[in-house]
Amino acid sequence: MTGEQVGGAVTWGLLGAWVVHDLEELATVPGWLRRHVPELRKRFPQVPGRVWQRAESMGAAEFTAAVGVMGAVVGTAAAAGRLTGGRSGFYQSALTGFGLHGVVHMAQAAAVRGYTPGSVTSPLVVLPFTLWARGRLKQAGVLRPTRPRDVVAGLATAGAATAASHLVARRLLAAARRRSS
């Protein structure tokens, strides 16, 4: 039904679903990486060594700071969605990227044939929320069509935002260390 109102559950819900998902990651990523990177290096030799080096050197403080930076991005997208009744391109792109990143988590778990951080909340929270929110946006007549290039752009944007959040986190932590010295 076109013209239906898009409420806060659809827009702010993006931030809420992201928080639930990232709590799983905060609880598991640093320890999981420490335990699994050596085995993953052997299993996936085609992955560049610098990727494994970054994964091994990332501590809990960096990961937590990166999650905070990403939270600011997701919160801004949710606010943009709320302010525009779900019409914001930034919000809709973030919603698409969030759902696609959930698919990536599930593919990672399939590739390693076991648990990977984020693989529990992806099918339980990330994908159901994304599909529900997109359905509500469609009912309201504000959902922009998703073309194949939008899928590629969504994945690229999610990857770039993740890389940028880690870069910002590393710089913030380095600045904090310099100030405390």
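Right, let's walk through the structure included here. (Residues numbered from 1 in each chain as written. Predicted model: local features only at pLDDT ≥ 70, side-chain atom pairs only at ≥ 80, totals over all residues. Heavy atoms only, no water.)

## Side note on the overall build of the protein chain
Argument step 1. Tallying secondary structure elements over the protein chain gives six helices and zero strands in all.
Argument step 2. In sequence order, the protein chain lays out its α and β elements as α-α-α-α-α-α.
Argument step 3. Computed over C-alpha atoms, the radius of gyration of the protein chain comes to 18 Å, within 12% of the 16 Å expected from 2.2 N^0.38 for 181 residues, which places it in the range of a compact globule.
Argument step 4. Structurally, the protein chain occupies a C-alpha span of about 55 × 45 × 25 Å along its principal axes.
Argument step 5. The 181 residues of the protein chain split such that 38% are buried.
Argument step 6. By sequence separation, contacts in the protein chain at least 24 residues apart represent 79% of the contacts at least 6 residues apart.
Argument step 7. About 9900 Å² of surface is accessible on the protein chain, with carbon and sulfur atoms providing 66% of the total.
Argument step 8. Of the side chains in the protein chain, 21 bear a positive and 8 a negative charge, and the two mean positions are spaced by 6 Å. (Helix = DSSP H or I, 4+ residues; strand = E, 2+ residues; numbered from the N terminus. Rg over C-alpha atoms; globule rule 2.2 N^0.38 Å. Buried < 20%, exposed > 50% of the residue type's maximum accessible area, 1.4 Å probe, protein only. Contact = heavy atoms within 4.5 Å. Areas by Shrake-Rupley, 256 points an atom, 1.4 Å probe, with all protein chains shown as cover. Lys, Arg positive; Asp, Glu negative; His and termini not counted. Charge placed at Lys NZ, Arg CZ, Asp CG, Glu CD.)

## Details of the pattern of salt bridges
Argument step 1. Under the counting rule described, the total for this entry stands at four salt bridges.
Argument step 2. Its salt-bridge partner being R54, residue E62 comes within 2.6 Å of it at the nearest N-O pair.
Argument step 3. Relative accessible area serves as the criterion here: at 31%, R54 is assigned to the partly exposed category.
Argument step 4. Across the pair R147 and D150 runs a salt bridge whose closest N-O atoms are separated by 3.1 Å.
Argument step 5. A residue is classified by how much of its surface remains accessible, and R147, at 39% relative accessible area, is partly exposed.
Argument step 6. Taken together, the shared-partner salt bridges connect R54, E62 and R170 into one network. (Salt bridge = Lys/Arg side-chain N within 4 Å of Asp/Glu carboxyl O.)

## Some remarks on unusual backbone geometry
Argument step 1. Here the phi dihedral of R113 falls at roughly 55°; this positive angle occurs in a residue that is not glycine.
Argument step 2. Tracing the backbone through its elements, the reader meets R113 in the loop between helix 4 (89-112) and helix 5 (121-139).

## Some words on the environment of A140
Argument step 1. Residue placement: A140 occurs in the loop between helix 5 and helix 6 (148-180).
Argument step 2. You can call A140 buried: its relative accessible area is 6%.
Argument step 3. Once the C-alpha coordinates of A140 and Q5 are considered, the two residues, 135 residues apart in sequence, prove to be 6.0 Å apart.

## A few points about a nonpolar patch on the surface
Argument step 1. On the surface, V19, L23 and L26 cluster together into a nonpolar patch covering about 230 Å² of accessible area.
Argument step 2. Mapped onto the secondary structure, L23 falls in helix 1 (residues 8-43). (Patch = residues over 30% accessible without salt bridge, like charges linked within 9 Å, V, L, I, M, F, W, Y side chains within 5 Å.)

## Digging into the side chain of T130
Argument step 1. Position of T130 relative to the elements: it lies in helix 5.
Argument step 2. Looking at T130, the relative accessible area reads 6%, which means it is buried.
Argument step 3. Discounting chain neighbours no more than four positions away, the residues touching T130 are L95, F98 and G99.

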